[in-house]
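What follows is each chain in one-letter form.
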Amino acid sequence: MAEPTVPPTFDVIAIGNAIIDVIANCNDALIEELGLSRGGMMLIDAEQAESLYAAMGPAREISGGSAANTLAGLAALGAKCAFIGQVAEDQLGEVFTHDIRAGGIAFDVPARPGNPPTARCLIFVTPDGQRTMNTFLGASHYLPAEALDESAVANAAVLYLEGYLWDPEEPRAAMRKAIEAARAAGRKIAFTPSECFVIDRHRTDFLDLIDTGKIDVLFCNEHEMAALVGHDDFEQGVAQLAPKIPVLVVTRGAEGAVAISGGQRAEVRAEPIARVVDTTGAGDLFAAGFLFGHVRGKSLEECLQYGAICACEIISHYGARPEADLKALISERVG
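Residues numbered from 1 in each chain as written. Predicted model: local features only at pLDDT ≥ 70, side-chain atom pairs only at ≥ 80, totals over all residues. Heavy atoms only, no water.

A. Expanded view of the overall build of the chain. Broken down by element type, the chain carries 12 helices and 14 strands. Its C-alpha atoms give the chain a radius of gyration of 18 Å, near enough to 20 Å, the size a compact globule of 335 residues would have. With the C-alpha coordinates aligned to their principal axes, the bounding extent of the chain is approximately 50 × 45 × 40 Å. A burial count over the chain gives 55% of its 335 residues as buried. The contacts of the chain with a sequence gap of at least 6 include a subset with a gap of at least 24, amounting to 76%. When the accessible surface of the chain is split by element, carbon and sulfur atoms take 48% of a total near 13,800 Å². Between the centroid of the 26 positive side chains of the chain and the centroid of its 46 negative side chains there is a distance of 5 Å. (Helix = DSSP H or I, 4+ residues; strand = E, 2+ residues; numbered from the N terminus. Rg over C-alpha atoms; globule rule 2.2 N^0.38 Å. Buried < 20%, exposed > 50% of the residue type's maximum accessible area, 1.4 Å probe, protein only. Contact = heavy atoms within 4.5 Å. Areas by Shrake-Rupley, 256 points an atom, 1.4 Å probe, with all protein chains shown as cover. Lys, Arg positive; Asp, Glu negative; His and termini not counted. Charge placed at Lys NZ, Arg CZ, Asp CG, Glu CD.)

Below is the structure:
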């Protein structure tokens, strides 16, 4: 990797799905009746999206998308961010574009005319706050490599990629191109495999990225780590991955999170919370807090604390974009 020659313009630039989350409360019986995988995420087609939307109760529409959520948290903390993703020329595309720009995040990819429409994720939230996600990827699957601004990638301290977008050929090519641009400019690359089913489909690619040293910061939860290493022994999985990655971050839900870097290990407990309302975006906001600390040169312990605080805020309300003042929360709890 080349050494950076100029200071970065952005702290983090991310490539990800541009999605609108459609969120509704439901009971456990409806999850069973619809044949959904409770607490999981599955990809659906346009027909399934219409059918599930019809089965939903009153819903809230909130901008989402894993990497975009992470940038929203980063921007709220004061980081300079940019997003690369694809929306369609439709109402939801306008909502997404407005929301991300209103959050102070640079977003310049032109909307795509015609079908398919802007992506949406239909999220059913049960009384315990667990979310069951059903995603129609729509226009986000059609992010072309030529939409990539290589100069913007080269001018960001960290390139952040979400595994969800690895499936389709066009955005996968865009992400590979971005990796090369970041590497050539001496920038860091952070990656999340996003979900176990994504790893099942692309495990060879993801392991190749790890083994060839193209990932500097890897975010995964304990289930995703198990899918990557091929077994569910947590400590053995950490021992396998940590030597291959400069910074490994593994979240464990209510059990907190672990980070390993250069042989140093740090752990944090989950922040206490009176009531979990909606777990949508918990991992995304954990990554936001951790990356904010990382680009600011904070210790592993502080980065983990930042992540835990941001994740706690996001699960206290509906939607995956922060509502409270994250800066104030971190100042109050960390100092």
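B. Quick look at the packing of helix 6 (residues 169–184) against helix 7 (residues 196–211). Running from N to C, helix 6 and helix 7 point in directions that differ by 5°, and their axes come no closer than 14 Å. By the angle class used here, helix 6 and helix 7 are roughly parallel. Of helix 7, the residues touching helix 6 (which contributes Arg 172, Arg 176 and Ile 179) are His 202, Asp 205 and Leu 209. Class assignment for the residues of the contact of helix 6 with helix 7 results in 2 nonpolar, 1 polar and 3 charged. (Axes fitted to C-alpha atoms, helices over the stretch in contact; angles between N-to-C directions. Parallel < 35°, antiparallel > 145°, perpendicular 65-115°, else oblique. Nonpolar A, V, L, I, M, F, W, Y, C, P; charged D, E, K, R; others polar.)

C. Spotlight on the sheet that holds strand 14 (residues 264–268). Overall, mixed pairing links the 9 strands, which are arranged 6-5-1-9-10-11-12-13-14 in an open sheet. Every other strand in the sheet has two partners, leaving strand 6 (106–107) and strand 14 as the edge strands with one partner each. With 2 bridges connecting them, strand 10 (residues 188–192) and strand 11 (residues 217–221) associate as parallel partners. Following the sheet pairing, Ala 190 is matched in strand 11 by Val 217. Here helix 3 (residues 66–77) sits on the sheet and contacts strand 1 (10–15), strand 5 (81–84) and strand 9 (156–162); the angle it forms with strand 5, its principal contact strand, is near 165°. (Pairing = 2+ DSSP bridges.)

D. Representation of helix 4 (residues 91–102) in the model. Here helix 4 spans 16 Å end to end across 12 residues, near enough to the 16 Å set by a 1.5 Å rise per residue. Considered for burial, the residues of helix 4 that qualify are Leu 92, Gly 93, Phe 96, Thr 97 and Ile 100. Along the axis of helix 4, the buried positions cluster into a sector of 135°, meaning they face one direction only. What points out from helix 4, more than 90 degrees from its buried face, is the exposed set Gln 91, Glu 94, His 98 and Ala 102. Looking at the residues trailing helix 4, positive phi occurs at Gly 104, about 85°. (Expected span 1.5 Å × (residues − 1). Arc of directions from axis to C-beta.)

E. Looking closely at the environment of Pro 246. Among the structural elements, Pro 246 can be located in the loop between helix 9 (234–241) and strand 12 (247–251). The exposure class of Pro 246 is partly exposed, given its relative accessible area of 43%. Ignoring anything within four residues of it in the chain, the contact list for Pro 246 reads Ile 215, Asp 216, Ile 260, Ser 261 and Gly 262.

F. View of the side chain of Thr 192. Topologically, Thr 192 is positioned in strand 10. Among the residues examined, Thr 192 registers a relative accessible area of 9% and is labelled buried. Polar side-chain contacts of Thr 192 include one of 3.2 Å to the backbone nitrogen of Ser 194. Here the side chain of Thr 192 touches Phe 219 through a polar contact of 3.4 Å, landing on its backbone oxygen. Here Thr 192 is in contact with Tyr 160, Leu 161, Glu 162, Gly 163 and Phe 219, once residues within four sequence places are set aside. (Polar contact = N/O pair within 3.5 Å; in protein donor to acceptor, adjacent residues only side chain to side chain.)

G. View of the sheet that holds strand 7 (residues 119–125). Strand order in this open sheet of 5 strands is 3-8-7-2-4, and the pairing throughout is mixed. Every other strand in the sheet has two partners, leaving strand 3 (41–43) and strand 4 (60–64) as the edge strands with one partner each. Each strand axis lies, on average, 25° off the axis of its neighbour in the sheet, ignoring direction. Bridging between strand 7 and strand 8 (residues 131–136) involves 6 bridges; their strand directions are antiparallel.

H. Geometry of the pairing of strand 14. In this sheet, strand 14 lies alongside strand 13 (residues 257–261) in antiparallel orientation, the contact comprising 5 bridges. In the sheet register, Ile 260 faces strand 14, and the bridge partner there is Arg 265. Counted between consecutive antiparallel strands, the loop separating strand 13 from strand 14 contains 2 residues, among which Gly 262 sits at a positive phi close to 55°.

I. Focus on the nonpolar core. Counting residues in hydrophobic clusters, the biggest one holds 107 residues, and the most contacted among them are Ile 15, Leu 159, Leu 248 and Phe 290. Take this core: its biggest share by element is 9 residues, from helix 11 (residues 300–314). Leave out the neighbours within four places in its chain, and Leu 159 touches Ile 13, Ile 15, Val 153, Ala 178, Ile 179, Ala 182, Lys 188, Ile 189 and Ala 190. In terms of nonpolar packing, the next biggest core, distinct from the first, is built from 13 residues, Cys 26, Ile 31, Leu 52 and Met 56 among them. (Core = buried A, V, L, I, M, F, W, Y, C linked by side-chain atoms within 4.5 Å.)

J. Geometry of the packing of helix 3 against helix 12 (residues 326–333). In the contact formed by helix 3 and helix 12, the axes pass within 7 Å of each other and the chain directions differ by 70°. Taken together, the axes of helix 3 and helix 12 lie roughly perpendicular to each other. In this structure, helix 3 uses Gly 73, Ala 76 and Leu 77 to contact helix 12, whose residues at the interface are Leu 326, Lys 327 and Ile 330. Of the residues belonging to the contact of helix 3 with helix 12, the class tally is 4 nonpolar, 1 polar and 1 charged.

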